[in-house]
Amino acid sequence: MAFVLRPTFLVSVYNVPFFPNIAVQDEVMYNFYNENITTWTDSEKQCRKNGGQLVTLETERKWKLVKEEIQNLSNSAHNEWFIGLKTGYRKGENWQWITGQQLTNPHWQNHEPSGDGQCAVIAKEYPPGTYGKYNDLSCLASKAFICEFEVNTTTGNNIVLK
């Protein structure tokens, strides 16, 4: 059975049984993979396989949505999700989104990035009392992840969930 999602405004559909762990904003659908614990590379492959990419939080608006949505979720990977933020293999290289855009709104946890990894996660609440902060860690760590998919409502293109 397939479901067609035609979003036109912000909607959080956690309590709708057909669309668990999905949020939509500005013609972008966010899918929170809480049960799929895997590496950064495999997370990105899964997103691409489904027609999307790891989430890129280039704007405050996108970051706030994801930060708020993960407060309603949990996963077995310390409530952290891989995002599409990465740096090179040399310490001190700039962090950039997988789109190639430089990180301009850094929401790092205290004392991060520490240089112990080239990939980034967003944390539900770490350190305690902070929400939606980034941490750098090894790309080989196993974490949940968030994909984003473009949904063009003006041309009638739809996301089909199977």
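The structure under discussion appears in the preceding block.
What this report covers is the structure whose coordinates are included nearby. In this text the structure is predicted, and so the values were computed from the model without any measurement.

### Regarding helix α1 (residues 40-49)
Thinking step 1. Listed as buried for α1 are Trp-40, Ser-43, Glu-44 and Cys-47. Around the axis of α1, the buried residues are gathered within 95° of arc, so they sit on the same side. Away from its buried face by more than 90 degrees, α1 exposes Lys-45 and Lys-49.
Thinking step 2. Residue Gly-51 follows α1 closely and has a positive phi angle near 90°.

### A few points about the pairing of strand β10 (residues 143-150)
Thinking step 1. With 7 of 8 residues buried, β10 lies mostly within the body of the structure.
Thinking step 2. Examined bridge by bridge, strand β4 (residues 28-38) and β10 share 7 bridges and lie antiparallel to one another. Its bridge partner lying in β10, Val-28 is registered against Glu-150.
Thinking step 3. Taken together, the 2 bridges between strand β5 (residues 53-54) and β10 define a ladder with antiparallel strand orientation. Each bridged residue has a counterpart across the sheet, and for Gln-53 the counterpart in β10 is Glu-148.
Thinking step 4. The pairing of strand β6 (residues 80-86) with β10 spans 2 bridges and is classified as parallel. Within β10, the residue paired with Phe-82 across the bridge is Phe-145.

Reading guide: rules and limits
Residues numbered from 1 in each chain as written. Predicted model: local features only at pLDDT ≥ 70, side-chain atom pairs only at ≥ 80, totals over all residues. Heavy atoms only, no water. Buried < 20%, exposed > 50% of the residue type's maximum accessible area, 1.4 Å probe, protein only. Helix = DSSP H or I, 4+ residues; strand = E, 2+ residues; numbered from the N terminus. Arc of directions from axis to C-beta. Pairing = 2+ DSSP bridges.

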